[in-house]
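What the coordinates show
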Number of protein chains: 2
Amino acid sequence: MSLIGLDVGGTTMKAAISEDSETLVTESRPTDRTAPVDGILDFAAHLADRASALGSPARAAGLVVPGIVDEATGTAIHSANLGWRNVPMRELAQERLNIPVAVGHDVRTAGLAEAVLGAGHDTDNFVFMAIGTGIAAALIINNTPYAGAAGWSGEIGHVVVRPDGEDCACGNKGCLETYASAAAISRRYGENVPAEEVIARAEKDEEKAAQIWSDALDTLADGLTATALLLDPDLIVIGGGLAQAGETLLAPLEIRLVERLKFRPSPRLLLSTLNDAGVKGATILAQTTTPL
Amino acid sequence: MSLIGLDVGGTTMKAAISEDSETLVTESRPTDRTAPVDGILDFAAHLADRASALGSPARAAGLVVPGIVDEATGTAIHSANLGWRNVPMRELAQERLNIPVAVGHDVRTAGLAEAVLGAGHDTDNFVFMAIGTGIAAALIINNTPYAGAAGWSGEIGHVVVRPDGEDCACGNKGCLETYASAAAISRRYGENVPAEEVIARAEKDEEKAAQIWSDALDTLADGLTATALLLDPDLIVIGGGLAQAGETLLAPLEIRLVERLKFRPSPRLLLSTLNDAGVKGATILAQTTTPL
């Protein structure tokens, strides 16, 4: 019997079928932005068929979606990107597949994968921060991703680091995300230069790029300092597209964190080393389901 | 058999002896700042004698101390105010009293009292923020105060709300505590006017007082907004001396929180109604001990 792990992103759905922790196949499909829920269910049904065809019928599935998610009821409460509200995702998927389904939040589930398989496997209390188009975090507390009272935890990207700073899409000003996301780094530089190229130019001391990269590092350190003061994580794991910058990101960020945390030790800082943490986390969620 | 609850503050130690949730006596003593640990142990021993004299010998004690505390081992790791480092407080108290002793952190234990007896009794996920000489918070997560990885959680007073702002004693600039603690409100006004009088003058539209009070409210809202974005509490409970300001504090703070939380609902905001939450929390800790 196999497990299906399916990670729904804003543009791509990624999935794996695995058996005894071994991946049998991986697949991906563009996210159907006109009918995302149907697209997800169709893809999940296809994966279940494929698992059967491989001779290892799926016994459970994990479904990871963006936005606001209530893991307890398996409801996809809200996604600005995919335009849904209060979708009973678990119920729909269980009806369609006739196997148990767990539904998780994208960043929290990636954090779960880090806790079980990744950089956080040796600690029970850490923060996973994904830096990509936006910035969001998963709070791993007592070895479990903590959703908050209503599934809204981890919105570090909207912590204000520059009062009266640049406009954020959320309606506020000076949010971390407006300075330090990959999208923001590219937008602030202009000319459609992607973030990785801005960072490369900063490394070559191009003045404009260096300033933008320095702003990103400063504001990331500001946001993480607030997080460390509030939550006292043992470790901060950085994932998402910007983590590809590797030591170019980690080394200056570490210095800035230590500078800011005057009276307490700085948490350790590590890069994520997991590929497809969302799919891996979805598979872990599938594993935790109980038979229907 | 009775329980001893003892709350060690920077200037005063407060205690209660109680039986079946009823307080038999309360006592207080000035904190011995030259030999604080001996002073605490002497006071605790005196309370145990008194309990016996009342015909209800103490079966356990809860000891609440400021600074950095490791609840698991009962170690008072560090207190800048009382000048100790790595004091095995539980061990020392158990030796002296010969009954089980639990050791807790002052703000977290007050948060525990709020969770069990106070404003947070109807929810499992809330933040208790004490505003007094300093500002600190207890994070109540799944109905339990969360200490963080090493006992440093809840340092909201040192979240930077005004980058390059006023100097904080911690060595940083622009910490929440430098604008919004009772001590800061008084200091910023000058002339040794206490915070409550500054607030009263602000209510009468005295310009300087109004500006200082408005800064305090703005920065409190900034710190709580960051906390809400990260942790998604159901509720924020405000305690400490400044909570005496009542609706004068709560009403404008609520408006500011809603303004700042653009894309998510604002958590509920309540004032603490517990007297001596530290002593009450210490008594709850005593209740949770197991016989020696």
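What counts, and where the lines are drawn
- Residues numbered from 1 in each chain as written.
- Chains lettered and ligands numbered in written order.
- Predicted model: local features only at pLDDT ≥ 70, side-chain atom pairs only at ≥ 80, totals over all residues.
- Heavy atoms only, no water.
- Helix = DSSP H or I, 4+ residues; strand = E, 2+ residues; numbered from the N terminus.
- Rg over C-alpha atoms; globule rule 2.2 N^0.38 Å.
- Buried < 20%, exposed > 50% of the residue type's maximum accessible area, 1.4 Å probe, protein only.
- Contact = heavy atoms within 4.5 Å.
- Least-squares fit on C-alpha atoms with pLDDT ≥ 70 in both.
- Salt bridge = Lys/Arg side-chain N within 4 Å of Asp/Glu carboxyl O.
- Pairing = 2+ DSSP bridges.
- Core = buried A, V, L, I, M, F, W, Y, C linked by side-chain atoms within 4.5 Å.
- Domains from an automatic or database assignment.
- Phe/Tyr/Trp six-rings, centres within 6.5 Å; stacked < 30°, edge-to-face > 60°.
- Lys NZ or Arg CZ within 6 Å of the ring centre and 35° of its normal.

Taking an unreviewed UniProt entry as the reference, chain A is identified by name as ROK family protein belonging to Actinomadura meridiana.

A look at the overall build of chain A
Counting its secondary structure elements, chain A contains nine helices and 13 strands. Taken against the 2.2 N^0.38 rule, which gives 19 Å for 292 residues, the C-alpha radius of gyration of chain A at 19 Å falls within 12% of a compact globule. Expressed along its principal axes, the backbone C-alpha trace of chain A runs to roughly 55 × 40 × 35 Å. Considering chain A as a whole, with its 292 residues, one finds that 58% of them fall into the buried category. Here the analysis covers contacts within chain A between residues at least 6 apart in sequence; of these, 59% occur between residues at least 24 apart.

Some remarks on the relation of the copies chain B and chain A
It takes a turn of 180° to lay chain B on chain A, together with a shift of 0.0 Å along the axis; the resulting RMSD is 0.1 Å. With respect to symmetry, the two chain copies, as superposed, fit the operation of a two-fold axis. Take the interface residues of chain B: 100% of them recur as interface residues in chain A, which is what a same-surface contact looks like.

So, helix 9 (residues 277-287) of chain B
All names here are of chain B. In terms of burial, helix 9 is largely enclosed, as nine of its 11 residues are buried. When we look at burial in helix 9, the residues that qualify are Ala 277, Gly 278, Val 279, Gly 281, Ala 282, Thr 283, Ile 284, Leu 285 and Ala 286. Taken together, the buried residues of helix 9 touch strand 1 (2-8), strand 2 (12-19), strand 4 (58-65), strand 8 (101-105) and helix 3 (106-117).

Here's the deal with the pattern of salt bridges
All names here are of chain A. Scanning all chains against the criterion turns up 36 salt bridges over all chains. Residue Arg 187 pairs with Glu 166 through a salt bridge whose shortest N-O separation is 3.8 Å. Here Arg 187, found in helix 5 (residues 182-189), pairs with Glu 166, found in the loop between strand 11 (144-146) and helix 4 (177-180); they are 21 residues apart in sequence, far enough to count as distant. One salt-bridge network, held together by shared partners, links Arg 162, Asp 218, Asp 222, Arg 256, Glu 259 and Arg 260.

Here's the deal with the pairing of strand 6 (residues 75-79) of chain B
All names here are of chain B. Inspection of the sheet shows strand 5 (residues 68-70) paired to strand 6 by three bridges, in the antiparallel sense. Bridging from a neighbouring strand, Val 69 pairs with Ala 76 of strand 6. Joining the antiparallel neighbours strand 5 and strand 6 is a turn of four residues, in which Gly 74 adopts a positive phi near 70°. In this sheet, strand 7 (residues 84-87) lies alongside strand 6 in antiparallel orientation, the contact comprising three bridges.

Details of the nonpolar core
Among the nonpolar cores identified, the biggest contains 90 residues, and A:Ile238 and B:Ile238 are the most heavily contacted of them. Once residues within four sequence positions are removed from consideration, A:Ile238 is found in contact with A:Met129, A:Ile131, A:Leu224, A:Ala243, A:Leu249, A:Leu250, A:Leu253, A:Leu269, A:Leu270, A:Leu271 and A:Ser272.

Some words on the domain arrangement of chain A
The domain architecture assigned to chain A consists of domain 1 (2-106 + 276-287) and domain 2 (119-271). Each of domain 1 of chain A and domain 2 of chain A was reduced to a C-alpha centroid, and the two centroids are 28 Å apart.

Focus: the packing of aromatic side chains
Counting across every chain of the model gives two aromatic pairs over all chains. Here A:Trp152 and B:Phe263 contribute two aromatic rings whose centre-to-centre distance is 6.1 Å and whose plane-to-plane angle is 45°, an arrangement assigned as tilted. Residue A:Trp152 is found in the loop between strand 11 and helix 4, and its partner B:Phe263 is found in the loop between helix 8 (247-260) and strand 13 (268-271); the two belong to separate chains. For the cation-ring pair, A:Lys208 lies above A:Tyr189, with the distance from its terminal atom to the ring centre recorded as 4.5 Å.

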